[in-house]
Structures are given as C-alpha cells and as structure tokens.
Number of protein chains: 2
Amino acid sequence: MVTGGDPTNFSRDRTYLVSPVVNADRTVTFRFAAPKADEVQLHGLSPSARGTFIDPPKPMSRNADGVWEIAVGPVAPDIYRYNFVVDGAAVNDHNNPTVSQSERTLGNFVEVPGEGPAIYDVTEVPHGDVTMRWYRSESLNTTRRMFVYTPPGYHSNANTQYPVLYLLHGTGGSESNWINEGRANFILDNLIAAGAAVPMLVVMPYGRAYPKIGRESGSIGFRENIELFERDLFDNVIPRIESDYRVLTDSDHRAIAGLSGGGGQSLAIGLGNLDKFGSVAGFSAAIRESEFDDVYGAGLDQSPTPRLLWIGCGDLDHLYDVNRSLLNWLEKRDVAHIAHLNGGGHDFQNWRPYLHEVAQRLFKTTAS
Amino acid sequence: MVTGGDPTNFSRDRTYLVSPVVNADRTVTFRFAAPKADEVQLHGLSPSARGTFIDPPKPMSRNADGVWEIAVGPVAPDIYRYNFVVDGAAVNDHNNPTVSQSERTLGNFVEVPGEGPAIYDVTEVPHGDVTMRWYRSESLNTTRRMFVYTPPGYHSNANTQYPVLYLLHGTGGSESNWINEGRANFILDNLIAAGAAVPMLVVMPYGRAYPKIGRESGSIGFRENIELFERDLFDNVIPRIESDYRVLTDSDHRAIAGLSGGGGQSLAIGLGNLDKFGSVAGFSAAIRESEFDDVYGAGLDQSPTPRLLWIGCGDLDHLYDVNRSLLNWLEKRDVAHIAHLNGGGHDFQNWRPYLHEVAQRLFKTTAS
C-alpha cells in the first residue's frame, strides 16, 4: 500500500507492504492486504504447483491490520509461481512485479536462493544479449515477436558461425516465458562460461499459430496448430534468423526443443523434419498417441535417427503417462533416445534443469 | 477463470473471463470475478489517472454470477493503466497479462484503438530491434540491465554511424517501461518510416542508482541518487554503448530525455554536462527549485545553450507548477527552449506524444 505523494520527496516515509519475503532460513512469508476478506489462500497455478509447497493451496491468516499472512517452508531453493485467492477470486500479488506473462493470465514468482549459485543465477560471467525482434509472418498474415539470445562474444567474434536452438513455450504461454521465468539466457551464460555448452543462439518464437486462449481465440485443433506454426517457423522465423545472424544452417547445427505444448510441437516438427533438425527434445511434452506412428514414425522412416532425441518428464506431471507411452514406442522401434524421468511436476522447476541438461548435449560432435 | 484440464485438448470448451473488452463504440467493459466481495472499484494508479475515465475511481456492479462489471466511455483512443480495488485491497486484472512492471507494483493496461493508426501502433513498416543487455556497473557494484533500441537497417547498413538518445523512466519505474508501456520502439519505427525522425539508437538504462521502493531500498536522497546514477551512466552505460554499437560520440549526436524522476535526472545530468549532451528534454520532470541555479545554472554558465532544450508538462500534472517555475527561470536567464504545456496528467498518455514530438527535433541539423 502506497501512502503519498510528491515523487521528488524521496526521503518521505512511505509504507509499502512487502511480499514475498524470503527469510534467512528459506522460509517464505507472503502478505496480502484485504481487510474485508473472509478467506485468503496462497495458490500455485495448477497443474504447475504439484509437488511444491503450495500443493495443496494454503490458507492465510488475517492480522490486526487486515493483512493476510502465511509463512511456508523452509523451501528448496528454486523459483516458484504463485498467486492468491481472495474470497474465491484469483488475484496476483500486487506488491510483487516479477510475473510470468501468458496469453491471458499473470503469475507472480518468488525466488528462493540456495547456498551456492543456481544454474539460472546472474553470476559474474560474460552475459549474452536477448533481442526482441518484430517480424512479418506472411504465413499467418500478422506481425509477431520473437526473442533471440546471442551468446557472449557474438558481436566481437565476427568470423564465427553459431548453431541455433529453437526453443518453444507451452500452450497459453508466450515468447517471453523462457526468458522471464525460464532464465534461458542465464542458464546458457553460465554453461558457456564453464565450457559446458557450445556457444549457440537460442531463438524463442511465439510458438503458436494463434492464441489458444487469447481474445481472438478461434480455438483450433492440436494438429492444425502444429501445421500452421510449422509454416511460420519454416517460411518466416528460420529464414529471418539465417539471413540476419551468423549461424550454421545444416541440420547438425539446428535443434528444436520445447515445453508442454511446445514439446509436442518440437517432437512433431523435429521428428517430422529430421533433414532440418539434427536434435529434438520434449520437456513434459503435450503429445497424443495418434501422432506416434502418423508423424514421428513417418519422419523416422525417411531420415536417420536424430543425433539427439531427449524426452524429459516428472512423475507428478499430468502428462507423465503419455510420455511413458512415447518412450515405450521409441523402445519398440529401437530409436536411440535419452529418457529423463524424474520427480516433480509440470513446471519450470523441471524445465530449467531440462534446458541445462540438454544444452550441454547439443552441437558437440560432428555427425559422420 | 480457467476450467480444466488436458493441455492437448484444444477444442475443449473452457470458460475464461474476458477483461477488458473494448467495444466497437470505444466503450470499455471491465470484469472481475469476486463472488464474495462487498465492493469492487475500477481505479487508475494515482496520480497517473488524472483526467482520464478512471478519475475518480468508478464503482463496479455485481452480476448474478458474482462477476463485477463496469462499462465506461466512449473513451478517447489511447493506452490507459488501471487496476481494481476489491473491498479495499488493490489487485490486478488477473485476466489481462498486459502490465507495466515497476519496482514494486504492477499496473494493467488497456488499449483503445482509434480510426486510424496511433503514433505507437505496430504498423507494416520496418521494425527496429530492442535488445536487453546485462552489464556490469562497477560504479554501483552490481549487474544490471538496459534496453537498447536499434533502428531498422542498423544491421544491414554496416557503414552508418547513428546518434543516441538516452531515455529515462520515472521514480519507482523500471528499464522496461519505455518499451512495454511507452512503445518507444514503435513510435520511432513509425517516425523513421515516415522520414520524420533521423534513425537513432534509444538507450533505456535502469535509471536509478538504487531502487527507490524496492526490497533493498535504502532510501537515498534526490541529489544523491542523481549523482550516483550519473556515475553509472558516464562510467558504464555510455562507454559500453559506444564500444559495442556504431554510434556518433559528439555532443551534437547525444541526447538525454526522461519522464518524471527521469526528467529531473535528464535536466540535471544534461544541463550539468552540456559538453556531452547537445539536446536535453524533461517530460513532466520531477525537479526542485534548488537545482535551478545550483545545477542547471552552473552548467549553462560553462557551456553554450543546448541545441534543444524541451520542457513538457500537462496542466493536471502535480508537477505542473514546478515546471512552470522552471520555464520562468529559463525565460529570465534568456535560455532558448521549447515549452510544451498541454492538457492531461502525469502519465504515458502525455509521454508517448512527448517522445513523438521530441524525436522529430533531434539530430537534424549540424551545430555551427
């Protein structure tokens, strides 16, 4: 809550409600001012909260000032998404400007630091840039935005050509998610500084043909969306990147990965076009068994096994079973792949480490 | 409100509350689900709402489903900031992911289109890029971010050197404000395409030494903040830009402008260093009369009048009087300047047109 006033009067005493507060013992205090509410809860955004400290939602307590509070934890070091539910109404933490912006919703996040630096922390290493580029998508008859990470040294090493990872967000998400919440740039900065990943570009388009849940929704089907986005990717995104940046353009140096709905897109577009993508990864991929033979099988029939096929999913994820089915299908077809099954749910607590893992495996050896 | 479910099931009927809705007659409908609330209001963020359709705040009405609604307008075409107040608690519109991120608060915005394209619209012209760069500020012993707009053609015109506008946000704001809410990039794209502005870089640093209202506040004074930020600007930001980009480095081709607290910084740093900045502009500048002689006067004593000194303020702005005082002071000293006094308040409804106006006056003639 803001009291006052004159914006030049910087010394004036103002009262701001501070939320969240990460305490020294890694407990986290959340606060929300709602003097007249009957009930306030701390929520995660389902299904993202599964297995975290906000699963299930937690009731908050009202103090004498009408501020609702809860302290949770100690909480494992990570970045978590949360919101509040006030008398049944979902709201954001108005005092916390760190948010993940999806098509139609906002989720706050809170970062709990650990003893040492996390894989996604801003450390004192050289930092790459992240550029927002607006481009004309003739395929979709619109102007849209992509985010492009260029690694440290890109601007000074004028004779170097770089490989490219195309990295997709999930259904209902946006092209900013992998930066704002996924910290893809800092994960890469840290890996590159440690010599653990090859310097690469990471291109993050708006990975849907049309918004799924946006204002102008026009709900389109699973397959139709993949096919329409595939046109935008091949006809607009990739040509633009390959004309404007110093990048390698063979399949050995082009990868595609994505989370959830973007994981389904990556598997369909990647395995369906192995002449273009040498490496393919799905993070908690939203897939359908009908795609296995029709799309993945058809693609694998025409091309050799990709250099890297990586499938990751957490055992609390609602998509765990269908990802297990995909792994069984790959095993039956004897397709070389890496299965990364672990704990946890459908959230960036898994996807950040998945990117950290996959980035280290990309573009390292030359195919025969 | 989201119902359900399987993220691969894109055809499933989901119910989302849509808010806001801009109707064909330019009325705007806001909705917020709060079945148990006693009172919900549509608010602007004071003092930004002055003179808009949310000045004063408007009560919303509860419908049978527990959704609170209000239709306002017709509203003049523009981009407005708003939030809700639910039983005394300030909250965001959870169903609207377009937000302005300040140090400690979030404000939603709603865009009301007019008949023709607005100065800030995404039109079918070439678009410049906006790059987020993380840099080490030795002056402030931290790593921080700036946004850099490069005009269309920057990457292909390898022999062209460009002038630079340093553009500052307001107190409590952030380095993203001029892009996310100010649309500085689209304003420049449109002007450059029309031949009305010279292609230029626009550099948007985090324009404070330390957060004013952030978690680690350490509230510092008006002058101390200017002096500390000035060190970061001269020792870190400008050298980094001038080493990494093809830019002109004489004062004729370097300008500084800012809004509110950033306007006060621009006037103090610009007029205090006219050997470095040939053009200076304050938009609703947060200034103090004590600075006039001590800082501006001292700077003007040492250097010739700037090529451009531009002062803009709206008559509903709480900083109108002090900006009038500055104009009187400039007149008394016979300092050439442009006074742009108009209607409206302390908000981007004024600051976008101010940038549009100033950008057309920058870098056009060579000083004698």
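Up top is the structure these notes are about.
Bear in mind the structure is a predicted one, so any value in this text is a computation, not a measurement. (Residues numbered from 1 in each chain as written. Chains lettered and ligands numbered in written order. Predicted model: local features only at pLDDT ≥ 70, side-chain atom pairs only at ≥ 80, totals over all residues.)

(A) A look at the sheet that holds strand E2 (residues 28–33) of chain B. All names here are of chain B. With antiparallel pairing, four strands are arranged side by side in an open sheet as E1-E2-E6-E5. What marks the edges here is a single partner per strand, and that holds for strand E1 (21–22) and strand E5 (61–62). Pairing of E2 with strand E6 (residues 67–72), which is carried by six bridges, proceeds in the antiparallel orientation. Bridge pairing links Arg31 to Glu69 in E6. (Pairing = 2+ DSSP bridges. Helix = DSSP H or I, 4+ residues; strand = E, 2+ residues; numbered from the N terminus.)

(B) A look at the sheet that holds strand E2 (residues 28–33) of chain A. Residue and element names in this part refer to chain A. In space, the four strands of this open sheet follow the order E1-E2-E6-E5, with antiparallel pairing throughout. Every interior strand has two partners, whereas the edge strands, strand E1 (21–22) and strand E5 (61–62), have only one. Sheet analysis places E1 next to E2, joined by two bridges and oriented antiparallel. Note that in E2 the partner of Val21 across the bridge is Thr29.

(C) Structural view of the packing of helix H4 (residues 261–271) of chain B against helix H5 (residues 289–302) of chain B. All names here are of chain B. In the contact formed by H4 and H5, the axes pass within 7 Å of each other and the chain directions differ by 40°. Here H4 lies oblique to H5, going by the angle between them. Note on element contacts: H5 touches H4 through Glu291, Val295, Tyr296, Gly299 and Leu300, opposite Leu267, Ala268 and Leu271. Along the lines of polarity and charge, the residues of the contact of H4 with H5 split into six nonpolar, one polar and one charged. (Axes fitted to C-alpha atoms, helices over the stretch in contact; angles between N-to-C directions. Parallel < 35°, antiparallel > 145°, perpendicular 65-115°, else oblique. Contact = placed C-beta atoms within 7 Å. Nonpolar A, V, L, I, M, F, W, Y, C, P; charged D, E, K, R; others polar.)

(D) Expanded view of the environment of Phe84 of chain A. Residues and elements named next belong to chain A. Along the polypeptide, Phe84 turns up in strand E7 (residues 78–86). Between the C-alpha atom of Phe84 and that of His94, which follows or precedes it by 10 residues, the distance is 9.9 Å. For Phe84, the residues in contact, after removing those within four places along its chain, are Phe32, Val40, Gln41, Leu42, His43, Val91 and Asp93.

(E) Geometry of the environment of Asn159 of chain A. Tracing the chain through its elements places Asn159 of chain A in the loop between strand E12 (142–150) and strand E13 (164–168). Along the chain, Asn159 of chain A and Arg246 of chain A lie 87 residues apart, while their C-alpha atoms are 8.2 Å from each other.

(F) Looking closely at helix H4 (residues 261–271) of chain A. Residue and element names in this part refer to chain A. Counted residue by residue, H4 has 11 buried out of 11 residues, so it is predominantly covered. Of all the positions in H4, only Gly261, Gly262, Gly263, Gly264, Gln265, Ser266, Leu267, Ala268, Ile269, Gly270 and Leu271 are classed as buried. Of the surrounding secondary structure, the elements contacted by the buried residues of H4 are E13, helix H3 (222–244), strand E15 (254–259), strand E16 (279–283) and helix H5 (289–302). (Buried ≥ 20, exposed ≤ 12 C-beta atoms within 10 Å, placed from the backbone.)

In short, the description is geometric, and any link to function would need to be established separately.
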